Amino acid sequence: MSASDPGLERWRLVLGAPADTCTGGLNGNAAASDRALDWLYGRDPDLARRGVRRGGTRESGTREGGTGPSALTTVDWLDDIHRLFPRETIERLERDAVERYQIHEVVTDPDVLSRVEPNPTLLRAVLRTKHLMNPEVLRLARRIVEAVVRDLMKRIVPEVRQAFSGTRTRRPSRFRQARNFDFHGTIRANLAHYQPEERRILIEHPKFVSRVRPYLEQWQLVLIVDQSGSMAGSVIHSAVTAACLWNLPGLKTHLIAFDSNVVDLTADVSDPVELLLKVQLGGGTDIARAVEYGASLIENPRRTILAVITDFYEGGDEHRLVRTVARLAEQGTRVLGLAALDEEANPSYDRALAQRLADVGAHVGAMTPGQLAAFVAERIGR
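Residues numbered from 1 in each chain as written. Predicted model: local features only at pLDDT ≥ 70, side-chain atom pairs only at ≥ 80, totals over all residues. Heavy atoms only, no water.

S.K.: Residue-level account of helix α9 (residues 120–129), with values.
M.R.: A large share of α9 lies buried, amounting to 8 of its 10 residues. Residues Thr121, Leu122, Leu123, Arg124, Ala125, Val126, Leu127 and Thr129 constitute the buried set of α9. Put simply, asparagine 119 is the residue that caps the front of α9, since its side-chain oxygen is 3.0 Å from the backbone nitrogen of threonine 121. (Buried < 20%, exposed > 50% of the residue type's maximum accessible area, 1.4 Å probe, protein only. Helix = DSSP H or I, 4+ residues; strand = E, 2+ residues; numbered from the N terminus. Polar contact = N/O pair within 3.5 Å; in protein donor to acceptor, adjacent residues only side chain to side chain.)

What follows is the structure in structure tokens.
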């Protein structure tokens, strides 16, 4: 009996080979899908703990051919999933392969790299495993970095431009343009012409404000990014965000990466692809040391935003970190403690240390790149 009914096929794929007697077997693409799924998820250690062997047999039985780990190579598996599944499912399968089951061939085998479709999951995997790559493999991996960065730039640049194009001052302007119309100022200036019976105000003196200042006082943005493995997504978005903010009028941007050491990447900010290929994920976490280095770059504390992007799991001296942040806040520096900087902005962090930093004057939370750009634009435009 075969599971020709789509509903039965779906249940058979969910339940596995032991359900054959109830749902029927699989044929064609459904059988190929089952084979591809078993190649990946059959590695789950929970199956062994429950005595389930891949291919639907038990530990006491002999293994039947057809769904074993030797039946597919990584290249075959990638070809199959790209043929059998929709894009969103492919990205989930690839993410599980490189992050859950540590199948490094996905990003270190030249044949595999030539087939994969670039996506953020694979970029994170490249950053974690590039130290394993020879020059030829790294050249192929660069294609993934370039493609994902290009896609992120397309999405983030408009957000950054929108944030800064909307920056206004409260200085009056003689240029009467609709986009510079000062609604609240106009209402205040014409309240004397309010007509109660008609419930309207006659506007005799419309007000307008300058969108940008003729001269922008210099601000500094110091981005300090934790390059531990769990912060890979934020490292990628920090690099792209810094590139978007680079050379904006009135803003001087720095990008610092740290683990137990501190690396100043500012010289590479204009080329986020090259910058990411220099990042080395992993190692310890000395937040205090990185913040002290960032503080040493500050020229005018009252015109500086120092953003520390980290999960706040300090491997160095917590008391030293809190003292440094307190000193910066007292001097007038805007200190941001960001538990995430990416499109999702889903934070995972040490809440106790984050609270201690908030208590001494830091603003703690999570932001998307667009929200960070808006925060910076608002401060510069005041």
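Next comes the rest of the write-up.
S.K.: Can you explain the environment of glutamate 314? Please cite residues and give values.
M.R.: Within the secondary structure, glutamate 314 sits in the loop between β6 (304–309) and α15 (318–331). Once residues lying within four places of it in the same chain are set aside, the contact partners of glutamate 314 are Thr285, Asp286, Ile287, Ala288, Leu321 and Leu353. From its side chain, glutamate 314 meets the backbone nitrogen of alanine 288 in a polar contact 2.9 Å long. (Contact = heavy atoms within 4.5 Å.)

S.K.: Give a description of the packing of aromatic side chains that names residues and reports values.
M.R.: Throughout the structure, instances matching the rule amount to 3 aromatic pairs. When the ring of tyrosine 41 is compared with that of tyrosine 101, the centres are 6.1 Å apart and the planes differ by 75 degrees; the resulting orientation is edge-to-face. With tyrosine 41 in helix α3 (residues 28–41) and tyrosine 101 in the loop between α6 (87–100) and α7 (105–108), this pair connects stretches of sequence that are 60 residues apart. For tyrosine 41, a relative accessible area of 24% gives the class partly exposed. Here the aromatic rings of phenylalanine 312 and tyrosine 349 are separated by 6.0 Å at their centres, their planes lie at 65 degrees, and the arrangement is edge-to-face. (Phe/Tyr/Trp six-rings, centres within 6.5 Å; stacked < 30°, edge-to-face > 60°.)

S.K.: An account of the pairing of strand β4 (residues 251–258) is requested, with residue identities and associated values reported.
M.R.: With 7 of 8 residues buried, β4 is to be regarded as a mostly interior element. As paired strands, strand β3 (residues 219–226) and β4 are joined by 8 bridges and run parallel to one another. Pairing of valine 225 across the sheet is with alanine 257, part of β4. A crossover links β3 with its parallel partner β4, the connecting element being helix α12 (residues 232–245), and its sense is right-handed. For β4 and strand β5 (residues 262–264), the ladder comprises 3 bridges, and the chain directions are antiparallel. Looking across to β5, one finds that isoleucine 256 is bridged to aspartate 264. (Pairing = 2+ DSSP bridges. Right-handed = clockwise from strand over helix to strand, strands pointing away.)

S.K.: Can you break down the nonpolar core residue by residue, with the values?
M.R.: Most often, soluble globular proteins have nonpolar side chains that are buried together. In terms of nonpolar packing, the biggest core is built from 78 residues, with Trp77, Val106 and Phe164 touching the most fellow members. Residues contacting phenylalanine 164, with those up to four places away along its chain left out, are Leu245, Leu248, Leu251, Ala373, Val376, Ala377 and Ile380. Counting residues in each nonpolar core, the second largest holds 25 residues, with Val222, Ile287, Ala290 and Leu321 among its members. (Core = buried A, V, L, I, M, F, W, Y, C linked by side-chain atoms within 4.5 Å.)

S.K.: Provide a residue-level description of the pairing of β6, including the pertinent values.
M.R.: When you tally the buried positions in β6, you get 6 out of 6 residues, the bulk of the element. What you see with β6 is no split at all: Thr304, Leu306 and Val308 on one side and Ile305, Ala307 and Ile309 on the other are buried throughout. As paired strands, β3 and β6 are joined by 6 bridges and run parallel to one another. Looking at the pairing, leucine 221 lines up with isoleucine 305 of β6. As defined by bridge partners, β6 adjoins strand β7 (residues 334–341) across 5 bridges and the pair is classed as parallel. Each residue of the ladder has a partner; that of valine 308, found in β7, is glycine 337.

S.K.: So what's going on with the sheet that holds β3? Residues and values would help.
M.R.: An order of β5-β4-β3-β6-β7-β8 is seen for the 6 strands of this open sheet, with the pairing classed as mixed. Looking at the sheet topology across the chains shown, the edges are occupied by β5 and β8 (363–367). Recorded for the sheet is a direction-independent mean angle of 25 degrees between the axes of neighbouring strands. (Axes fitted to C-alpha atoms, helices over the stretch in contact; angles between N-to-C directions.)

S.K.: Lay out helix α5 (residues 74–84) in plain terms, naming residues and giving numbers.
M.R.: If you check which residues of α5 are buried, you get Thr74, Val75, Trp77, Leu78, Asp80, Ile81 and Leu84. Those residues of α5 hidden inside the fold are in contact with α3, α6, α7 and α8 (110–113).

S.K.: Explain the packing of α9 against α12 to me, and be specific about the residues and the numbers.
M.R.: In contact at an axis separation of 10 Å, α9 and α12 are set at 100 degrees when each is read in the N-to-C sense. With respect to α12, the axis of α9 lies roughly perpendicular. Contact residues: α9 offers Leu123, Arg124, Leu127 and Arg128, while α12 offers Ala232, Gly233 and Ile236. Broken down by class, the residue content of the contact of α9 with α12 amounts to 4 nonpolar, 1 polar and 2 charged. (Parallel < 35°, antiparallel > 145°, perpendicular 65-115°, else oblique. Nonpolar A, V, L, I, M, F, W, Y, C, P; charged D, E, K, R; others polar.)

S.K.: How would you sum up the environment of leucine 338? Please name residues and give values.
M.R.: Secondary-structure assignment places leucine 338 in strand β7. Residue leucine 338 is classed as buried on the basis of its relative accessible area, which comes to 1%. A C-alpha to C-alpha distance of 9.9 Å links leucine 338 and isoleucine 224, two positions 114 residues apart in sequence. Filtering out sequence-adjacent residues up to four positions away, leucine 338 remains in contact with Val308, Ile309, Thr310, Phe312, Gly365, Met367 and Leu372.

S.K.: Lay out the confidence of the model for the protein with the relevant residues and their values.
M.R.: Averaged over every residue, the pLDDT of the protein is 81; the share at 70 or more is 84%. Mean pLDDT in the protein bottoms out at helix α2 (residues 20–23), which sits at 70, and peaks at α15, which reaches 97. Here residues 56–70 scores under 50 on pLDDT; set against residues more than four positions off or in separate chains, the count is 27 contacts. (pLDDT = per-residue confidence, 0-100.)

S.K.: Go over the packing of α3 against α5, please, and point to the residues and values.
M.R.: In the contact formed by α3 and α5, the axes pass within 10 Å of each other and the chain directions differ by 135 degrees. Looking at the two axes, α3 sits oblique to α5. For the pair α3 and α5, the crossing hand works out as left-handed. Between α3 and α5, the residues in contact are Asn29, Ala32, Ser33, Arg35, Ala36, Trp39 and Leu40 and Thr74, Trp77, Asp80, Ile81, Arg83 and Leu84, respectively. Partitioning the contact of α3 with α5 into residue classes produces 7 nonpolar, 3 polar and 3 charged. (Left-handed = near helix turned anticlockwise from the far one by under 90°.)

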